[in-house]
Amino acid sequence: MVSLTDIQASNSQISTALPPGLVAIFVGGTSGIGEITVKKFAKYSRQPRAYIVGRSQSAAERIIAECRILNPEGEYIFIKADVSLMKVVDEVCETIKAKEKFVNLLFLSAGFPSIDGAETSEGLVLLSALMVYSRARFIMNLLPIIKVAPALRRIITVAGGGREGQLYPEDYPARHLSLMKMRQHLITVITLSMEALAKFAPEVSFIHDYPGTVKTPLLDHNLGIISVECGERHLFMATSARYLPKLGGEGADGVKLGSGDVFKGSNEEVGSGVYSVKSDCESTSAASLKLLVEYRAQGLVEDVWKHVDGEFRRISEVK
């Protein structure tokens, strides 16, 4: 486990180790882990610019006011959006790309504990739309301006890293799976889809993590790591050089700390650029790694992406 002391020591160096003007996008930033982490980003960064994407105008106004107190030199922009719809994801990305030449951090934490099989108007299972397709769409759309960032280049998706399990290739959207099967299945789909996307951008670090549980309007519990520590840990993952991109250097590595080695990636290689991370900020379990090796050997990284891209094409044709 990475100690909270080491994490805070690393985070305290962000303002000097990384340049001013970092640009970050927090999808799902109006509650829970997204909210906690955007506040930490505001606190530790110099002259940051943060886009907060979510559905609640009132929550966004409150969070922006708090961020301005934490760091008056920052710029905080709210984009109201229902990101379960791919057409809306595309619109949000176009809005950001029209304003920014580069993005340093894409932080994806939007979710909805829907287990009733509800579908979006685009024909996707709501839970899968938010956990898999929307996140992959944000990454795909924004990779061109993340790849060219002059400093930090990182993507974090918050779901269930380190808890990969049985995959059901005959039902990638999880239309017919029980809750227990759905959970491990979607977690695994997320990790494999990130491995597929990382092939297009070895200059970028990709992290899929499991955070424990924090309070949101939809899940009013506070289990696992307490909120303040959760925010510190996610900012650490967003900025630490222990999660190197496959092609490091040129300022993209992040904050270096005297102690601590670079972590093993989801393929068991040190510094592979794709990381499945447990709530303690360490690499995933041996059992999950073994499964991922098997899925990779079966060509399921490519198969998952073929399915996801096929859904994107289907939705685009309907527009």
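All values derive from a computational prediction rather than experimental measurement. (Residues numbered from 1 in each chain as written. Predicted model: local features only at pLDDT ≥ 70, side-chain atom pairs only at ≥ 80, totals over all residues. Heavy atoms only, no water.)

Trainee: Looking at this structure, I do not really get the overall build of the chain. What am I missing?
Mentor: On a plain count of helices and strands, the chain comes out with 10 helices and seven strands. For 319 residues, the compact-globule estimate of 2.2 N^0.38 gives 20 Å, and the chain sits close to it at 18 Å. The buried share of the chain, taken over its 319 residues, is 58%. Across the chain, contacts joining residues at least 24 apart in sequence account for 75% of those joining residues at least 6 apart. By element, 54% of the accessible surface of the chain is carried by carbon and sulfur atoms, the whole surface being about 13200 Å². In the chain, which carries 36 positive and 36 negative side-chain charges, the distance between the mean positions of the two groups comes to 2 Å. (Helix = DSSP H or I, 4+ residues; strand = E, 2+ residues; numbered from the N terminus. Rg over C-alpha atoms; globule rule 2.2 N^0.38 Å. Buried < 20%, exposed > 50% of the residue type's maximum accessible area, 1.4 Å probe, protein only. Contact = heavy atoms within 4.5 Å. Areas by Shrake-Rupley, 256 points an atom, 1.4 Å probe, with all protein chains shown as cover. Lys, Arg positive; Asp, Glu negative; His and termini not counted. Charge placed at Lys NZ, Arg CZ, Asp CG, Glu CD.)

Trainee: Please clarify how the nonpolar core should be interpreted in this entry.
Mentor: Looking at soluble globular proteins, one finds that nonpolar side chains tend to be buried together. I25, V27, V83, L106, F138, I155 and F206 are the most contacted members of the largest nonpolar core, which has 64 residues in total. For this core, the leading source of residues is helix α6 (residues 126–146), giving 14 residues. Other than its neighbours up to four places away in sequence, I155 contacts L106, L108, I139, L143, I146, M194, V204, S205, F206 and I207. Within the second largest apolar cluster, 37 residues are counted, among which are F41, Y44, I52 and F107. (Core = buried A, V, L, I, M, F, W, Y, C linked by side-chain atoms within 4.5 Å.)

Trainee: Just to check I follow, could you spell out the sheet that holds strand β2 (residues 49–54) for this structure?
Mentor: For sheets, the rule is that strands pair by backbone hydrogen bonds, running either parallel or antiparallel. Read from one edge to the other, the open sheet built from seven strands follows the order β3-β2-β1-β4-β5-β6-β7, with strand pairing classed as parallel. A strand with exactly one partner marks an edge of an open sheet, and here the two such strands are β3 (75–80) and β7 (274–277). Averaged over neighbouring strand pairs, the angle between their axes works out to 15° when direction is ignored. Where strand β6 (residues 205–209) and β7 come together, four bridges link them in parallel fashion. Within β7, the residue paired with D209 across the bridge is V277. Across the sheet, helix α3 (residues 32–44) touches β1 (23–27), β2, β3, β4 (105–108) and β5 (154–158), and the angle it forms with β1 is around 165°. Those strands touched by helix α8 (residues 227–239) are β4, β5, β6 and β7, and its axis lies near 145° from that of β5. (Pairing = 2+ DSSP bridges. Axes fitted to C-alpha atoms, helices over the stretch in contact; angles between N-to-C directions.)

Trainee: Any chance you could explain the packing of α3 against helix α4 (residues 57–70) here in plain terms?
Mentor: Two numbers describe a pair of packed helices, the interaxial angle and the distance between the axes. Orientation of α3 relative to α4, taken along the N-to-C sense of each, is 25°, at an axis distance of 8 Å. One finds that α3 runs roughly parallel with respect to α4. By crossing handedness, the relation of α3 to α4 is classed as right-handed. Contacts between α3 and α4 involve E35, V38, K39, A42 and K43 on the former and, on the latter, R62, I63, E66, C67 and L70. (Parallel < 35°, antiparallel > 145°, perpendicular 65-115°, else oblique. Left-handed = near helix turned anticlockwise from the far one by under 90°.)

Trainee: What is the right way to look at the pairing of β1 in this model?
Mentor: Judged by how many residues are buried, β1 sits mostly within the fold: five of five residues are covered. With five bridges connecting them, β1 and β2 associate as parallel partners. Looking at β2, one finds that I25 is bridged to Y51. Between the parallel elements β1 and β2, the chain passes through α3 in a crossover that is right-handed. The pairing of β1 with β4 spans four bridges and is parallel. Across the sheet, residue V27 finds its bridge partner in β4, namely L108. (Right-handed = clockwise from strand over helix to strand, strands pointing away.)

Trainee: When you look at the pairing of β3 in this model, what are you seeing that I'm missing?
Mentor: Consecutive side chains along a regular strand alternate between the two faces of the sheet. Bridge count between β2 and β3: six bridges; the pairing is parallel. For G54, the partnering residue across the bridge sits in β3 and is K80. Note on the crossover from β2 through α4 to β3: the handedness is right-handed.

Trainee: How should I be thinking about the pattern of salt bridges in this particular structure?
Mentor: Close approach of charged atoms allows side chains of opposite charge to pair. Enumeration according to the criterion identifies 16 salt bridges in this entry. Residue E195 is joined to R296 by a salt bridge in which the shortest nitrogen-to-oxygen separation is 2.8 Å. Of the two residues, E195 sits in helix α7 (residues 179–198) while R296 sits in helix α9 (residues 286–297), which places them 101 residues apart along the sequence. R296 gets classed as partly exposed once you look at its relative accessible area, which sits at 25%. (Salt bridge = Lys/Arg side-chain N within 4 Å of Asp/Glu carboxyl O.)

Trainee: I tried to follow the environment of A149 on my own but got confused; where do I start?
Mentor: As for its placement among the helices and strands, A149 is situated in the loop between α6 and β5. On the accessibility criterion, A149 (1% relative accessible area) is buried. Measuring from C-alpha to C-alpha, the distance between A149 and I69 comes to 27 Å, with 80 residues separating the pair along the chain. Excluding residues within four positions of it along the chain, A149 makes contact with F102, V103 and N104.

Trainee: Before we go on, may I ask you to explain α9 in this structure?
Mentor: The periodicity of an α-helix, 3.6 residues per turn, causes residues three or four places apart in sequence to face the same way. With 12 residues, α9 extends 17 Å from end C-alpha to end C-alpha; this agrees with the ideal 16 Å at 1.5 Å per step. Buried residues along α9 sit against α7 and α10 (300–318). Where α9 terminates, the next one or two residues include G299, which has phi positive at roughly 75°. (Expected span 1.5 Å × (residues − 1).)

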